[in-house]
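A structural walkthrough
Here is what each chain is made of, one letter per residue.
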Amino acid sequence: MYYKKTLIALTIILGVMITSAQAFTITKIGTVESSEYNEIMDKFYKNDVTVWAGVDPDGFKYVKFNFDGGLKDLDFGLWQPDDTEVTSTLYGYLKWEKVLNKAIEWGEVAKTNQVDHSADIGDCSTADIKCKARFVSISNGKTIYVVFDMEDKDNQFYTADPVIKLVDIIKMNNMFTKQVPAHWERVKNKATKDTSDLFN
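The sections below set out a description of the structure shown in this document. (Residues numbered from 1 in each chain as written. Predicted model: local features only at pLDDT ≥ 70, side-chain atom pairs only at ≥ 80, totals over all residues. Heavy atoms only, no water.)

Quick word on the pattern of salt bridges
When charged atoms on two side chains of opposite charge get close, those side chains can pair. Counting across every chain of the model gives three salt bridges. The closest approach of N and O atoms between Asp 48 and Lys 46, which form a salt bridge, is 3.5 Å. Overall, the relative accessible area of 25% leaves Asp 48 in the partly exposed class. Since its relative accessible area comes to 63%, Lys 46 is described here as exposed. Ionic pairing is found between Lys 95 and Asp 123, a salt bridge with its closest N-O pair at 3.1 Å. One end of the pair, Lys 95, is in helix H2 (residues 93-113); the other, Asp 123, is in strand E7 (residues 117-123), and 28 residues separate them in sequence. (Salt bridge = Lys/Arg side-chain N within 4 Å of Asp/Glu carboxyl O. Buried < 20%, exposed > 50% of the residue type's maximum accessible area, 1.4 Å probe, protein only. Helix = DSSP H or I, 4+ residues; strand = E, 2+ residues; numbered from the N terminus.)

Structure below.
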């Protein structure tokens, strides 16, 4: 009897796990070139950002930016506000949208006018990670990048300060605004596809 009950319990757990795995999707969209300064080595080293996208079992859409924080990766899980929550910035989706757009806008201004400039362009924090973005233009607008100052809210030793060039900010924004939504649409179409005609 004991073994029978155990087998039933394991079957139920396995069934739940399979159902959850089928309902929960996450896909790698791509990577964005980034670098970070190492004070000990006194040089920059490559530290790329990985962009993911998915849909949770309830149908809510999200995008995740994964940054290498050395001791711990810093993951920015950004949930897209639905139609009834268009002003929400709790999970940082609208914050990142604003920061990326502002960086690109200022980059064009700096290049066109051939000027140097350095200033904060916004808060990109989420519920778990503190984040501020700083725009930098040097050499008369020939070199432009954004510095992200990141820190885990639960542990101040988990930090990252990635530096992303303007060309890669544009690439990141393209993933954020085009490739990620396209993936969401594919997931939606796959979930709603009528399979009744496949088995006649």
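More follows now that the structure is in view.
Comments concerning the state of the cysteines
Two cysteines joined by a covalent bond between their sulfur atoms form a disulfide. This structure, assessed with the given rule, holds one disulfide. Put simply, Cys 124 and Cys 131 are joined by a disulfide, and their sulfur atoms are 2.1 Å apart. Handedness of the Cys 124-Cys 131 disulfide follows from its S-S torsion of about -65°: it is left-handed. Comparing Cys 124 with Cys 131, the two get one shared label, buried. (Disulfide = S-S within 2.5 Å.)

Things to note about the sheet that holds strand E4 (residues 49-55)
Across the sheet, which stays open at both edges, the four strands sit in the order E1-E4-E5-E6 with antiparallel pairing between neighbours. A strand with exactly one partner marks an edge of an open sheet, and here the two such strands are strand E1 (25-32) and strand E6 (74-79). Pairs of neighbouring strands in the sheet enclose a mean axial angle of 20°, with direction left out of account. The sheet contact formed by E1 and E4 spans seven bridges and is antiparallel. Within the sheet, the bridge partner assigned to Thr 31 lies in E4 and is Thr 50. Each of strand E5 (61-67) and E6 is contacted by H2, which is oriented at about 105° to E6, the strand it contacts most. (Pairing = 2+ DSSP bridges. Axes fitted to C-alpha atoms, helices over the stretch in contact; angles between N-to-C directions. Contact = heavy atoms within 4.5 Å.)

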